[in-house]
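Each chain, written out:
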Amino acid sequence: MAGAQRGPSSQAAMAGLNLTLQGCSLSGDTLNCTVEVANPQGKAVSLSIAPASVQALTASGWLYQGQASAGSLRLGPGGKTTLRLSFRGVDNPSGLFAMIQVGEARFLGVAVPGAPRLAARDGYCFYFDSMSFQEDGRFVCHLTVANDTDTDLKLRLDPGQSFVVTELGSRYLGTRVVLGERWHDYGSPVDLTVPARTTTRLGVVFEEARFGQQNYPLQKVQLIRFKVGGGFLELRDAPVRYCGAEANKKCGSSQPF
């Protein structure tokens, strides 16, 4: 999507009316949202809502078509009403939606309270070096994420919006996703599924200074943050691990531990 990214929002304007997303809830596979519509103007305002404009976009990129409780509204000066949106067949137990849309109004970064979410259980970072690989001298961080639900969870891992902050306060941006020993294309987001009742290890390669380890052997990082869909997976105070008999060398595998 072109343009600068915007943060979460619960308010929007359309046809001179003010719309406020009061909240959403998941009941089984049905997402229900309540929107307050207010007319701040000194005249009556009419509004038509096209059925195709009622949409919910999950953080992992799935789009659901919904229904509004009314196809048209007419509010007098200072008038208010409640609009209800419903989406059926929603498979998004993570509870995070990149966007809820009705008409031209878009609410961004919508989190559904109480819905189970993916969380980072543990993680670590290490220096990677291989004489036969183009990513020599890079810094790699892994997070182990747990899906404690009975449903497979889909997510999109974006390396370009992921970052790590070292114990010295340096911040390094992600370059590519690494899963097991597979290194994905530079800068490309990767879609994946975390099966129900399992843990999955996710990795991101970072643009760390090539001589960082020689200048100071890091022992930990302050923060690992992986961008997934409309949210983040993060872990604080994660260790930096080393390879070799004396545990002081760079690692030649992208899954060394």
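Here, the structure is the one placed above.
Residues numbered from 1 in each chain as written. Predicted model: local features only at pLDDT ≥ 70, side-chain atom pairs only at ≥ 80, totals over all residues. Heavy atoms only, no water.

1. Structural notes on the overall build of the protein chain
And then number 1: Across its full length, the protein chain holds one helix and 20 strands.
And then number 2: Among the 257 residues that make up the protein chain, the fraction classed as buried is 47%.
And then number 3: For the protein chain, the proportion of contacts with a sequence separation of at least 24, taken over those separated by at least 6, is 65%. (Helix = DSSP H or I, 4+ residues; strand = E, 2+ residues; numbered from the N terminus. Buried < 20%, exposed > 50% of the residue type's maximum accessible area, 1.4 Å probe, protein only. Contact = heavy atoms within 4.5 Å.)

2. Considerations on the sheet that holds strand E10 (residues 96–102)
And then number 1: Ordered in space as E6-E5-E10-E11, the four strands form an open sheet in which the pairing is antiparallel. Only two strands of the sheet have a single neighbouring strand rather than two, namely strand E6 (63–65) and strand E11 (105–111). Within the sheet, the average angular offset between the axes of one strand and its neighbour, ignoring direction, is 20 degrees.
And then number 2: Pairing between strand E5 (residues 55–58) and E10: four bridges, direction antiparallel. Looking across to E10, one finds that Thr 58 is bridged to Phe 97. (Pairing = 2+ DSSP bridges. Axes fitted to C-alpha atoms, helices over the stretch in contact; angles between N-to-C directions.)

3. Let's talk about the sheet that holds strand E2 (residues 17–27)
And then number 1: Strand order in the open sheet formed by five strands is E1-E2-E3-E9-E7, and the pairing between neighbours is antiparallel. Taken across any chain shown, the strands that pair with only one partner, and hence form the sheet edges, are strand E1 (11–14) and strand E7 (67–68).
And then number 2: Where strand E3 (residues 30–38) lies against strand E9 (residues 80–87), eight bridges are found, and the strand directions are antiparallel. Residue pairing for E9: Glu 36 is matched across the bridge by Thr 82.

4. Examining the pattern of salt bridges
And then number 1: Tallied over the full model, the rule gives five salt bridges.
And then number 2: Arg 138 is paired through a salt bridge with Glu 207; the nearest N and O atoms lie 3.1 Å apart. Here Glu 207 lies in the loop between strand E18 (198–206) and helix H1 (212–215) and Arg 138 lies in strand E13 (residues 138–147), a separation of 69 residues in the sequence.
And then number 3: Overall, Arg 138 belongs to the buried group, its relative accessible area being 14%.
And then number 4: Linking Arg 225 and Glu 234 is a salt bridge whose minimum nitrogen-to-oxygen distance equals 2.5 Å.
And then number 5: Of the residues examined, Glu 234 reaches a relative accessible area of 30% and is grouped as partly exposed.
And then number 6: Ionic contacts of the salt-bridge type, sharing partners, join the residues Arg 225, Glu 234 and Arg 236 into one network. (Salt bridge = Lys/Arg side-chain N within 4 Å of Asp/Glu carboxyl O.)

5. A short note on the packing of aromatic side chains
And then number 1: According to the stated counting rule, one finds seven aromatic pairs in the structure shown.
And then number 2: Between the aromatic rings of Tyr 124 and Phe 257, the centroid separation amounts to 5.4 Å while the plane-to-plane angle is 85 degrees, which identifies the pairing as edge-to-face. Of this pair, Tyr 124 sits in strand E12 (residues 119–128) while Phe 257 sits in the segment after strand E20 (231–239), and the two are 133 residues apart along the sequence.
And then number 3: A relative accessible area of 5% means that Tyr 124 is categorised as buried.
And then number 4: Cluster of aromatic residues (ring-pair linked, three or more members): Tyr 124, Phe 126 and Phe 257.
And then number 5: If you follow Arg 171 out to its NZ or CZ, it ends over the ring of Phe 163, 3.7 Å from the centre.
And then number 6: Residue placement shows Arg 241 over the ring face of Tyr 124; its charged tip is 5.1 Å from the ring centre. (Phe/Tyr/Trp six-rings, centres within 6.5 Å; stacked < 30°, edge-to-face > 60°. Lys NZ or Arg CZ within 6 Å of the ring centre and 35° of its normal.)

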